[in-house]
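Tertiary structure, described
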Amino acid sequence: EQRHQEKKDEGVDPAKAKAFLGKLRRFLEPVSSLVAIVVQGVVLFVASALLGGRRDLLRAVVIASHARLVLVVGHVAALIGSLTRNPEPRTNLANLADSVAHPVVAAVLAGVDPVGLWHTALVATGLAVGLEVRRSRAVAFGVLLYAVPLLASIALDAALAPASGR
């Protein structure tokens, strides 16, 4: 009985917790990927409706799923980077700048991601071809889809740079 009480007092075993979280992550990754596809499909559906295109939710989800397939290339690149012991495996150009000395330059370079650009081009193409949005509007949406998060990241890094004494 005393031994049983000591086991309870020890709390959570870190190795078991790590193993459990690893299994949970492996389970949730496909689920989160499916949710991301549906969310992106809904965004494309709404964008198509607002931009004068076809209102077809199923087609929008299919376009989103096809566009997200290229992200596998990024995952493979990150895996290769991890296997080669790169401390920060990425598909963008952020490693070309010192993020401590030049945070804004690093943030700009972090936005130059060939995989992300490819994904964005596929989304814009899907809007134009699959959902019949005018090409100029689809390209403008693609540019906004890519540029808004990039500009937000640059602005955040620029705002934080003076606070760090740079």
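Okay, so let's go over this structure. This is a predicted model, so every value here is computed, not measured. Every chain is numbered on its own, with residues counted from 1 as its sequence reads. Residue-level local features of this predicted model are given only where pLDDT is at least 70; pairs of side-chain atoms are given and counted only at 80 or more, and the full residue set underlies all totals for whole chains, interfaces and linings. The side-chain figures draw on all heavy atoms in the structure; neither hydrogens nor water molecules are used.

What follows is about the overall build of the chain. Working definition: helices are DSSP H or I runs of at least four residues, strands are E runs of at least two. Numbering for both runs from the N terminus. Along its length, the chain carries seven helices and zero strands. For the chain, the succession of helices and strands along the chain, N to C, is α-α-α-α-α-α-α. Burial status follows relative accessibility: with a 1.4 Å probe on protein chains alone, a residue under 20% of its type maximum counts as buried, one over 50% as exposed, and anything between as partly exposed. Evaluated residue by residue, the chain yields a buried proportion of 23% over its 166 residues. Within the structure as shown, the chain displays about 11,500 Å² of accessible surface, and the carbon and sulfur contribution to it stands at 67%. Areas reported here follow the Shrake-Rupley algorithm with a probe of radius 1.4 Å; residue values treat only the protein chains shown as occluding.

This brings us to the environment of Ala60. Mapped onto the elements of the fold, Ala60 is located in helix α3 (residues 57–68). Using a relative accessible area of 0% as the deciding quantity, one classes Ala60 as buried. When checking whether two residues touch, look at their non-hydrogen atoms; a contact exists if any pair is within 4.5 Å. Apart from residues no more than four positions distant in its own chain, Ala60 is found in contact with Gly41, Leu44, Phe45 and Leu131.

The phi dihedral of Glu132 is positive, around 55°, even though this residue is not glycine. Relative to the helices and strands, Glu132 is located in the loop between α6 (114–129) and α7 (135–163).

What we call a nonpolar core is a set of buried Ala, Val, Leu, Ile, Met, Phe, Trp, Tyr and Cys residues that are connected through their side-chain atoms within 4.5 Å. With 13 residues, the main nonpolar core has Leu44, Val123, Leu127, Leu131 and Phe141 as its most contacted residues. The greatest single-element share of this core, amounting to four residues, is contributed by α3. Apart from residues lying up to four places away in sequence, Leu131 is in contact with Leu44, Ser48, Gly53, Arg54, Asp56, Arg59, Ala60, Ile63 and Gly126.

The next thing to look at is the packing of α3 against α6. Under this scheme, a helix contributes an axis fitted over its contacting stretch, all axes are lines through C-alpha atoms, and angles between N-to-C directions fall in the 0 to 180 degree range. For the pair α3 and α6, the least separation of the axes is 9 Å and the interaxial angle reads 155°. With respect to each other, α3 and α6 are oriented roughly antiparallel. Regarding α3 and α6, the two cross each other, and that crossing is right-handed. Along its contact with α3, which presents Ile63, His66, Ala67 and Arg68, the element α6 presents His119, Leu122, Val123 and Gly126. What sets the label is the angle itself: under 35 degrees gives roughly parallel, over 145 gives roughly antiparallel, 65 to 115 gives roughly perpendicular, and the rest give oblique. In this scheme the handedness of a crossing depends on how the near helix is turned from the far one: anticlockwise by less than a right angle means left-handed, clockwise means right-handed.

Quick look at the pattern of salt bridges now. For this analysis, a salt bridge means a side-chain nitrogen from Lys or Arg found within 4 Å of a carboxyl oxygen belonging to Asp or Glu. Considering all chains together, one arrives at two salt bridges under this definition. Of the charged contacts in the structure, one is a salt bridge between Arg54 and Glu132, with a shortest N-O distance of 3.7 Å. A residue pair is termed long-range when its members are at least 10 positions apart, and Arg54 in the loop between α2 (14–50) and α3 and Glu132 in the loop between α6 and α7 qualify at 78 residues. In this structure, Asp56 engages Arg59 in a salt bridge whose closest nitrogen and oxygen atoms are separated by 3.5 Å. Using a relative accessible area of 32% as the deciding quantity, one classes Arg59 as partly exposed.

Structurally, Ser48 is set in helix α2. You can call Ser48 buried: its relative accessible area is 0%. Reaching out from Ser48, the side chain makes a polar contact with the backbone oxygen of Arg54 at a distance of 2.6 Å. For Ser48, the residues in contact, after removing those within four places along its chain, are Gly53, Arg54, Leu127, Leu131 and Val133. Under the rule applied, a polar contact is a pair of N or O atoms within 3.5 Å (in protein, one hydrogen donor and one hydrogen acceptor; residues adjacent in sequence only if both atoms are side-chain atoms).

What follows concerns α6. Given 3.6 residues to a turn, an α-helix orients residues that are three or four positions apart in the same direction. The terminal C-alpha atoms of α6 lie 22 Å apart, and with 16 residues this matches the ideal 22 Å at 1.5 Å per residue to within 8%. Regarding α6, the residues found buried are Val115, Gly116, His119, Thr120, Val123, Ala124, Gly126 and Leu127. Looking at where α6 begins, the residue whose side-chain oxygen comes 3.2 Å from the main-chain nitrogen of Val115 is Asp113. By this rule, a helix spans an expected 1.5 Å times one less than how many residues it contains.

Within the secondary structure, Asp113 is located in the loop between α5 (103–110) and α6. Within the local environment of Asp113, its side chain forms a polar contact with the side chain of Thr91, the two groups lying 2.6 Å apart. Side-chain polar atoms of Asp113 contact the backbone nitrogen of Val115, separated by 3.2 Å. Residues in contact with Asp113, not counting those within four places in the same chain, are Thr91, Asn92 and Tyr146.

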